[in-house]
Amino acid sequence: MGLLSDPVRRRALARLVLRLNAPLWALPVAWLERTMRSVGLEVYTQSFSRKLPFPDETHERYMVSGTNVYGILRAPRAASTESLVFTVPCGSDSTNSQAVGLLLALAAHFRGQIYWAKDIIFLVTEHDLLGTEAWLEAYHDVNVTGMQSSPLQGWAGAIQAAVALELSSDVVTSLDVAVEGLNGQLPNLDLLNLFQTFCQKGGLLCTLQGKLQPQDWTSLDGPLQGLQTLLLMVLQQASGRPHGPHGLFLRYRVEALTLRGINSFRQYKYDLVAVGKALEGMFRKLNHLLERLHQSFFLYLLPALSRFVSIGLYMPAAGFLLLVLGLKALELWMQLHEAGVGLEAGGGPGPSAPLPPAQGVGLASLVAPLLVSQAMGLALYILPVLGQHVATQHFPVGEAEAVVLTLLAIYVAGLALPHNTHRVVSTQAPDRGWMALKLVALIYLALQLGCIALTNFSLGFLLAATMVPAAALTEPHGPRPLYAALLVLTGPAATLLGSLFLWRELQEAPLSIAEGWQLFLAALAQGVLEHYTYGALLFPLLALGLYPCWLLFWNVLFWK
Amino acid sequence: MAAAMPLALVVLLLLGPGGPARAESPRDSLREELVITPLPSGDVAATFQFRIRWDSELQREGGLSVLLKADRLFHTRYHSQAVHIRPICRNARCTSISWELRQTLSVVFDAFITGQGKKDWSLFRMFSRTLTEPCPLASESRVYVDITNYSQDNETVEVNPPPTTTYEDVILGTRRTYAVYDLLDTAMINNSRNLNLQLKWKKPPENEAPPVPFLHAQRYVSGYGLQKGELSTLLYNTHPYRAFPVLLLDSVPWYLRLYVHTLTITSKGKENKPSYIHYQPAQDRLQPHLLEMLIQLPANSVTKVSIQFERALLKWTEYTPDPNHGFYISPSVLSALVPSMVAAKPVDWEGSPLFNTLFPVSDGSSYFVRLYTEPLLVNLPTPDFSMPYNVICLTCTVVAVCYGSFYNLLTRTFHIEEPSTGGLAKRLANLIRRARGVPPL
């Protein structure tokens, strides 16, 4: 490879890219255009701008604007009907400058070959994933997240697959792969197998979730490490964040992966030539594709790079958890029917009590808690972003902190509101009100968790594993402080906090309480931000769906 | 679509006109064949074959056809072949007719692959051959090199060997200068016994964006998902002050159901009503959509024509063997009379070079251009073809296990059977067994 085979030229290129860093680093658009054109690509630029709901710590302003630069390598004698994408996201902290150098070197190498059947788009985006989302929306000519971007001028047909690269250093010790995408979508397993094949061929050290592949599956160490990797993947998939540019490609049904070069304290280091060879091999194999990748699984969990758990094995677990809710609801239904029959039998010959007494009372006393819980959920969804200016006027906090603190305040306020109208409950059957409410809440929870488990299994399973025991056990007659503590500890916020601690524990970088709390606040802000910028669904699901449901159980617990 | 590195050379290789008429002899003949193959996707492939026998030694060694070597021609960026056949009147009153066969091969060489990144080129580097002698059958054998951009300053570029004559004309609306090398001119070949045209850059050219033609177009599919999409065509008119009309012809297959009420044409942000629309709706499995429009393109603008469609679910026998590859939408055809920068005089068909007559002009103010946009690939909703197998397995299992068991339970009766004393066969068998020494039945 011309540009990379000479280490002196490679280092000169890397230094040149690094030298372009200014204190306020912006993408050197003109230089990139010139260099890509000299390499022989058709170069186009796209400018985009986006008004953030609140300024976060990476951007620190409302209006974010930038420019994407992309060059298209046209396949010789082909009709430009299909293409592959090689993308390098560049952020303001310029941790990806080496990847730009490798992208240019690979572009120069690919340009001299005659075997390309699909066009290749080399994309450099600004502001990391914001630029990637802007480019994808402009390429597919849709407006999903409210981005304003200039229209594209060069197309290359339908995108078949994409590879994203993040490299922060000249030499790497291992290559990490990220598969989880936005809202828990995953690429086809064939793409991961492709990466694994080239790791083995090139003798590269490849990791998944930052963990090495366990060699020994017969003793206890291998399965234990596999379990850790699996739990990490579950936690990452449940968060619904796009862990790299590939996560945004998956929505448009383009199979994509993100490769990260890790430079740790190992003896043996690989230089960019090895990484470049692996990438070249992957692109040549993707070039041979006659159809879109569809032969392998789309829904899987990975305990290691070379092993997977298919949906047929893991879905029954979630099914059984939801069955618990169903059975509990059935039990309550039977109890309600017995009590109703007993009541009617007792009150038959008596004076004309309102017929039917049980059902009428149940429905009336159900409407108020349902409405109030849903209203609290709606407030949790709308008020933080809407009220950030009011909050910053009255309190000495920044906008991002205001949003997060408003979120927490509304969450805690929901616990304190008295919202069961127990006056309407008839004294003859004091149990019927809470049983009916719990029945409705159980069915509501089961429906929601079922729908979530179908689209994002990890999120559904995590929420089911924490909320189902507490929901099934809750009743007003038991030890109230114990049940209250259990409910609070399994609520959405506490689950998020717990899973953050677990995630860092599994990555062998455990958190102290203060750090954990800071990370929790940052995660809340990120969740709200990603909902507005990429359309991530975790925040609305928790705020509008699970939090009102959980409040219903809180109602049941404190039923008088 | 703008080409990445347009070399300012188009080499047209032409065999002399009136080829088959000359070489006909009783033993050589022209055999022709047409094979029509209907393909599963509905397309029809037609293959024409003409076999003409020549004297082999004349063909191989002379003229421009020595440059047609397949291994170099398939290292190119683009190639296109054309065959034109037409009758020609032999005299003014057209009492007798002769036939003209014109064969054209256009290739675009990639500077990066042939020239390893440098913009110098030579005939030897492109074709791995040089020209040695003219074709004995040819009455004219010439090579034209477009030196329009280089003729002003001789400092940037050097053409080797230097041309003896030049030819100037208005091609595609602009005035162009060509250096002429005549292979029949004995002075040309005798000097070096071979002709290797070379062009060297004295100082490296700047990397600026390549020039853009007056009319070009792009087409793409917007939207994502397998239910609906939008077909968008962008028409660029880069002429600084002239607007001209363009006839756009779209033939969309029936399985993309177009919604014509969503047809929108916008130029510079405002709506642009076409002067003429002809639409023929599709009939399922019979004929495709036909949409033809005459659109006025304002000067220096981009016009976007978009129409929404819905993807149809095909019957399961209609899917191609690789339905996940996708289905092709054929390119849309744009025909326009593009205004030229320089007025051209009408072409004298006999006296001018052959490449001049590829783009005929009727009046000097514009030239006719037919553009094809890129073909598109769309995915249709594809069912899971393993489901019939799954259903058959499941149904057979359910029937055999559940229904079979129930039927057995309901209808099986038990009755006692007396052991039989045996007949003749049994006694015979026992005799044989006693003879063998084996215990009897």
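Residues numbered from 1 in each chain as written. Chains lettered and ligands numbered in written order. Predicted model: local features only at pLDDT ≥ 70, side-chain atom pairs only at ≥ 80, totals over all residues. Heavy atoms only, no water.

The name given to chain B in an unreviewed UniProt entry is Phosphatidylinositol glycan anchor biosynthesis class T, and the organism recorded there is Prolemur simus.

As annotated in an unreviewed UniProt entry, chain A carries the name GPI-anchor transamidase component GPAA1 and is attributed to Prolemur simus. As stated in UniProt under Subcellular location (unreviewed entry), the record for chain A gives "Endoplasmic reticulum membrane". The Subunit (unreviewed entry) field of the UniProt record for chain A holds the comment "Heteropentamer. Part of the GPI-anchor transamidase complex, consisting of PIGK, PIGT, PIGS, PIGU and GAA1. Interacts with PIGK." (UniProt positions renumbered as here; feature names shortened; annotations may be inferred.)

Participant: How would you summarise the nonpolar core if you had to cite specific residues and measurements?
Facilitator: Residues and elements named next belong to chain A. Counting residues in each nonpolar core, the largest one holds 94 residues, and the members touching the most others are Trp135, Leu445 and Leu449. For this core, the element with the most residues is helix H19 (residues 538-557), which contributes 13 residues. If near-sequence neighbours (up to four positions away) are discounted, Trp135 is found in contact with Gln46, Asn68, Tyr70, Val85, Ile121, Leu123, Leu152, Ile159 and Phe249. The next biggest cluster of nonpolar side chains, apart from the first, holds 68 residues, and it includes Phe198, Leu230, Leu257 and Tyr270. (Core = buried A, V, L, I, M, F, W, Y, C linked by side-chain atoms within 4.5 Å. Buried < 20%, exposed > 50% of the residue type's maximum accessible area, 1.4 Å probe, protein only. Helix = DSSP H or I, 4+ residues; strand = E, 2+ residues; numbered from the N terminus. Contact = heavy atoms within 4.5 Å.)

Participant: Provide a residue-level description of the packing of aromatic side chains, including the pertinent values.
Facilitator: Residues and elements named next belong to chain A. All told, the structure shown has 29 aromatic pairs over all chains when counted by the stated rule. Note on Trp517 and Phe520: the rings are 5.4 Å apart at their centroids and 40 degrees apart in plane angle, and the pair reads as tilted. With Trp517 and Phe520 both in helix H18 (residues 513-534) and three residues apart, this pair spans about one turn of that helix. Residue Trp517 is classed as partly exposed on the basis of its relative accessible area, which comes to 40%. Given a relative accessible area of 3%, Phe520 falls into the buried group. Here the aromatic residues Phe86, Phe110, Tyr115, Trp116, Phe122 and Phe283 are joined through ring pairs into a cluster of three or more. Here the basic side chain of Arg284 rests over the ring of Tyr115, its NZ or CZ set 3.7 Å away from the ring centre. Arg307 extends its terminal NZ or CZ atom over the ring of Trp217, reaching a point 4.1 Å from the ring centre. (Phe/Tyr/Trp six-rings, centres within 6.5 Å; stacked < 30°, edge-to-face > 60°. Lys NZ or Arg CZ within 6 Å of the ring centre and 35° of its normal.)

Participant: Which residues make up the sheet that holds strand E9 (residues 255-262) of chain A, and what are the values?
Facilitator: All names here are of chain A. Taken in spatial order, the nine strands make up an open sheet running E5-E1-E2-E4-E3-E6-E9-E7-E8, and their pairing is mixed. Sheet topology places strand E5 (148-149) and strand E8 (206-208) at the edges, where each strand pairs with a single neighbour. Pairing of strand E6 (residues 158-167) with E9, which is carried by seven bridges, proceeds in the parallel orientation. The residue of E9 that forms the bridge with Ala164 is Thr258. (Pairing = 2+ DSSP bridges.)

Participant: Could you give me a rundown of helix H16 (residues 480-489) of chain A, with the residues and numbers involved?
Facilitator: Residue and element names in this part refer to chain A. Of all the residues in H16, the buried ones are Tyr483, Ala484 and Leu487. Here the buried residues of H16 occupy an arc of 105 degrees about the axis, which is enough to place them on one side. Opposite its buried face, H16 presents the exposed residues Pro481, Leu482 and Leu489, each directed more than 90 degrees away. Close packing links the buried residues of H16 with helix H15 (457-473) and H19. (Arc of directions from axis to C-beta.)

Participant: Before we move on, can you summarise the side chain of Glu100 of chain B with the specific residues and values?
Facilitator: Residue and element names in this part refer to chain B. Here Glu100 lies in strand E4 (residues 97-108). Using a relative accessible area of 14% as the deciding quantity, one classes Glu100 as buried. For Glu100, the residues in contact, after removing those within four places along its chain, are His84, Ile85, Arg86 and Ile88.

Participant: Give a detailed account of the sheet that holds strand E13 (residues 244-252) of chain B, specifying residues and quantitative values.
Facilitator: All names here are of chain B. If you trace the five strands from one edge of the open sheet to the other, you get E16-E17-E13-E20-E21, paired in antiparallel fashion. Each end of this open sheet is capped by a strand with a single partner; those strands are strand E16 (276-280) and strand E21 (366-372). Shown here is a sheet whose adjacent strand axes are inclined to one another by a mean of 15 degrees, direction ignored. Pairing of E13 with strand E20 (residues 333-339) involves four bridges; the strand directions are antiparallel. Residue pairing across strands places Val246 opposite Ala336, the latter belonging to E20. (Axes fitted to C-alpha atoms, helices over the stretch in contact; angles between N-to-C directions.)

Participant: Please provide a residue-by-residue account of the UniProt feature "transmembrane region" (unreviewed entry) in chain B, values included.
Facilitator: In the numbering adopted here, UniProt assigns the feature "transmembrane region" (unreviewed entry) to residues 389-410 of chain B. Annotated as residues 389-410 of chain B, this span is 100% helix and 0% strand, and its ends, taken at the C-alpha atoms, are 31 Å apart.

Participant: Describe the interface of chain A and chain B, with residues and values.
Facilitator: If you look at the interface, chain A gives 29 residues, while chain B gives 34 residues. Surface buried jointly by chain A and chain B totals about 2,800 Å² across both partners, of which 55% is contributed by carbon and sulfur atoms. Considering only the side of chain A, the residues that lose the most area to chain B are Arg77, Arg111 and Trp155 of chain A, jointly responsible for 23% of the buried surface there. Linking chain A with chain B are one salt bridge. Examining the composition of the side of chain A that touches chain B, we find that three residues originate from one element, helix H3 (residues 29-39) of chain A, more than from any other. Among the residues making up the side of chain A that touches chain B, the classes are represented as ten nonpolar, nine polar and ten charged. (Buried area = accessible area lost by both parts, 1.4 Å probe. Salt bridge = Lys/Arg side-chain N within 4 Å of Asp/Glu carboxyl O. Nonpolar A, V, L, I, M, F, W, Y, C, P; charged D, E, K, R; others polar.)

Participant: So, the state of the cysteines: which residues are in play, and what are the values?
Facilitator: Disulfide: a covalent bond connecting the sulfur atoms of a pair of cysteines. Under the defined criterion, the tally for this structure stands at two disulfides over all chains. Disulfide partner of Cys199 of chain A: Cys206 of chain A, at an S-S distance of 1.7 Å. Handedness of the Cys199 of chain A-Cys206 of chain A disulfide follows from its S-S torsion of about -85 degrees: it is left-handed. Of the two residues examined, Cys199 of chain A and Cys206 of chain A, each falls in the buried class. The partner cysteine of Cys89 of chain B in its disulfide is Cys94 of chain B, sulfur to sulfur 1.9 Å. Taking the sign of the S-S torsion, -60 degrees for the link of Cys89 of chain B and Cys94 of chain B, the bridge is left-handed. We classify Cys89 of chain B as partly exposed; its relative accessible area is 41%. No disulfide involves Cys549 of chain A; its sulfur sits 12 Å from the nearest other cysteine sulfur, which is in Cys451 of chain A. (Disulfide = S-S within 2.5 Å.)

Participant: Could you give me a rundown of the UniProt feature "transmembrane region" (unreviewed entry) in chain A, with the residues and numbers involved?
Facilitator: Residues and elements named next belong to chain A. Annotation from UniProt places "transmembrane region" (unreviewed entry) at residues 297-325, 361-382, 402-418, 439-462, 482-503 and 535-558. Annotated as 96% helix and 0% strand, the span residues 439-462 places its first and last C-alpha atoms 22 Å apart. In residues 535-558, the share of helix is 83% and the share of strand is 0%. The end C-alpha atoms are 36 Å apart.

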